[in-house]
Amino acid sequence: MVPIQHYLILSATLFFIGAVGVLSRRNAIIVFMSIELMLNSVNLTLVAFSAFLGDATGQMLVFFAMTVAAAEAAVGLAIIIALFRKKQTVNLDEMNILKW
Amino acid sequence: MTLESVLFYVLGSVAVGSALLVVTRRNPVMSVLCLILNFFCLAGLYLTLRAQFIAVIQIIVYAGAIMVLFLFVIMLLNLGDERKLTDGLSWKKILTGGMAFALLAEVTVILTGYANPAVVPLSARAEEVGTVEFIGTQLFTKFQFPFEVTSLLLTAAIVGAVVLAKKKLD
């Protein structure tokens, strides 16, 4: 039998790998994938608590989080395409027009 | 060791390994493929938690729909000279990794050290809660309003994506 702590540690590990990806990569698409990784690790936490407490609310929240992730992926990738059309690159270091 | 714990540790280590590959690969297509593997492992982990519906949705929506979208965008942008985007090991990356590792160690210590060491078994209702029937009933009764709002959100996302990505006509 696997205790819930192990699920939580696994989920934290995935979350921090995603966080490192967001902070250290410069390719916008890979940064975006790291965000998906972090979203999924939180989903794992929610499902684990839902199963260990016998309450469906956690799984409902995962359902809605997936919907939001789908919407976010569509809009985010559209933004990346628009940026690529303007700059001819997906390098985040060159997206500095908001920097003063 | 039961089959369940074997499955957990195998799937968990594959999930962590593929997540590391997602973050470290240079080629975005390789990253997408590793991320799909990661999603499949997570679906398996959901099954060890008796969440059948979420596991299936994970594969259909995430591994199916969202990752295909990613692949389409990578194909569309035709990122040829990917090498220029990656520099070597800079001090920033080492610092980021070190800080993330320190945080992870902290979380691990908190979860293993202070939590109640008694192993709590999976809830007896877990199998009932994870089924499509139960989730569907909840979705159309207790969570009716968020469900309807979700459709609004998806419509807004579709319109937003089209507006952002289409070519300017002028």
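Residues numbered from 1 in each chain as written. Chains lettered and ligands numbered in written order. Predicted model: local features only at pLDDT ≥ 70, side-chain atom pairs only at ≥ 80, totals over all residues.

Check the secondary structure of chain B and you find seven helices and zero strands. Start at the N end of chain B and walk to the C end: the helices and strands fall as α-α-α-α-α-α-α. Every one of the 170 residues in chain B was classed for burial, and the buried ones make up 26%. The long-range fraction of contacts in chain B, counting pairs at least 24 apart against all pairs at least 6 apart in sequence, stands at 59%. (Helix = DSSP H or I, 4+ residues; strand = E, 2+ residues; numbered from the N terminus. Buried ≥ 20, exposed ≤ 12 C-beta atoms within 10 Å, placed from the backbone. Contact = placed C-beta atoms within 7 Å.)

Of the regular secondary structure elements, chain A holds three helices and zero strands. Against the compact-globule benchmark of 13 Å for 100 residues, chain A has a radius of gyration of 17 Å, which places it well outside the compact range. By its C-alpha atoms, chain A is 50 × 25 × 20 Å across when sized along the principal axes. For chain A, buried positions account for 53% of its 100 residues. (Rg over C-alpha atoms; globule rule 2.2 N^0.38 Å.)

This part is about helix H3 (residues 52-77) of chain B. Residue and element names in this part refer to chain B. In this model H3 runs 36 Å from its N-terminal to its C-terminal C-alpha over 26 residues, within 8% of the 38 Å that 1.5 Å per residue would give. Where H3 bends most, at Met67, the angle is about 30 degrees. Among the residues of H3, Phe53, Ile54, Ala55, Ile57, Gln58, Tyr62, Ile66, Phe70, Val73 and Leu77 are the ones counted as buried. Positive phi shows up at Asn78, right after H3, with a value of about 50 degrees. (Expected span 1.5 Å × (residues − 1). Bend = angle between axes of the 7 residues up to and from the residue.)

Taken N-terminus to C-terminus, the directions of helix H2 (residues 28-53) of chain A and helix H2 (residues 28-48) of chain B make an angle of 5 degrees; their axes are 11 Å apart at the nearest point. Put simply, H2 of chain A runs roughly parallel to H2 of chain B. Across the interface between the two elements, Ile29, Ile30, Met33, Glu36, Leu37, Asn40, Leu44 and Val47 of chain A of H2 of chain A pack against Pro28, Ser31, Val32, Leu35, Asn38, Phe39, Leu42, Leu45 and Tyr46 of chain B of H2 of chain B. Its residues assigned to classes, the contact of H2 of chain A with H2 of chain B comprises 13 nonpolar, three polar and one charged. (Axes fitted to C-alpha atoms, helices over the stretch in contact; angles between N-to-C directions. Parallel < 35°, antiparallel > 145°, perpendicular 65-115°, else oblique. Nonpolar A, V, L, I, M, F, W, Y, C, P; charged D, E, K, R; others polar.)

With 62 residues of chain A in contact, the opposing surface of chain B contributes 74 residues. The set of elements that each furnish at least two residues to the side of chain A that touches chain B consists of helix H1 (4-24), H2 and helix H3 (57-87) of chain A. It is H3 of chain A that provides the largest number of residues to the side of chain A that touches chain B, a total of 21 residues. Looking at the side of chain A that touches chain B residue by residue, the classes come out as 45 nonpolar, 13 polar and four charged.

Attention now moves to the confidence of the model for chain A. Overall, the prediction assigns chain A a mean pLDDT of 90, with 99% of residues at 70 or greater. Of all helices and strands in chain A, the one with the weakest mean pLDDT is H3 of chain A (91), whereas H2 of chain A scores best (93). (pLDDT = per-residue confidence, 0-100.)

By the secondary structure assignment, Leu37 of chain A is in helix H2. Separated by 59 residues in the primary sequence, Leu37 of chain A and Asn96 of chain A place their C-alpha atoms 25 Å from one another. Excluding residues that lie within four positions of it along the chain, Leu37 of chain A makes contacts with Leu14, Ile17, Gly18 and Gly21 of chain A together with Ala19, Val22, Leu35 and Asn38 of chain B.

Assignment of secondary structure puts Gly21 of chain A in helix H1. Sequence separation between Gly21 of chain A and Thr67 of chain A is 46 residues; the distance between their C-alpha atoms is 23 Å. Non-local contacts of Gly21 of chain A, meaning those with residues more than four positions away in its chain, are made with Ile30, Val31, Ser34 and Leu37 of chain A together with Val22 and Val23 of chain B.

Turning next to the nonpolar core. Grouped together as the largest cluster of nonpolar side chains are 70 residues, with contacts concentrated most on Ile29, Met33 and Val47 of chain A together with Tyr46 of chain B. Elements represented by at least two residues in this core include exactly H1, H2 and H3 of chain A together with helix H1 (3-24), H2, H3, helix H6 (132-141) and helix H7 (144-165) of chain B. In terms of residue count, H2 of chain A provides more of this core than any other element does, 12 residues in total. In contact with Met33 of chain A, other than residues within four places in its own chain, are Val22, Ser31, Val32, Leu35 and Phe70 of chain B. (Core = buried A, V, L, I, M, F, W, Y, C linked by C-beta atoms within 7 Å.)

Moving on, we come to the confidence of the model for chain B. Summary statistics for chain B give a mean pLDDT of 87 and a share of 89% for residues scoring 70 or more. Scoring the predicted complex yields pTM 0.90 and, for the interface, ipTM 0.92.

Attention now moves to unusual backbone geometry. One non-glycine residue, Gln88 of chain A, lies in positive phi territory at about 60 degrees. Structurally, Gln88 of chain A is set in the segment after H3. The phi dihedral of Arg50 of chain B falls on the positive side, at around 65 degrees, and the residue is not glycine. You can see Arg50 of chain B is positioned in the loop between H2 and H3.

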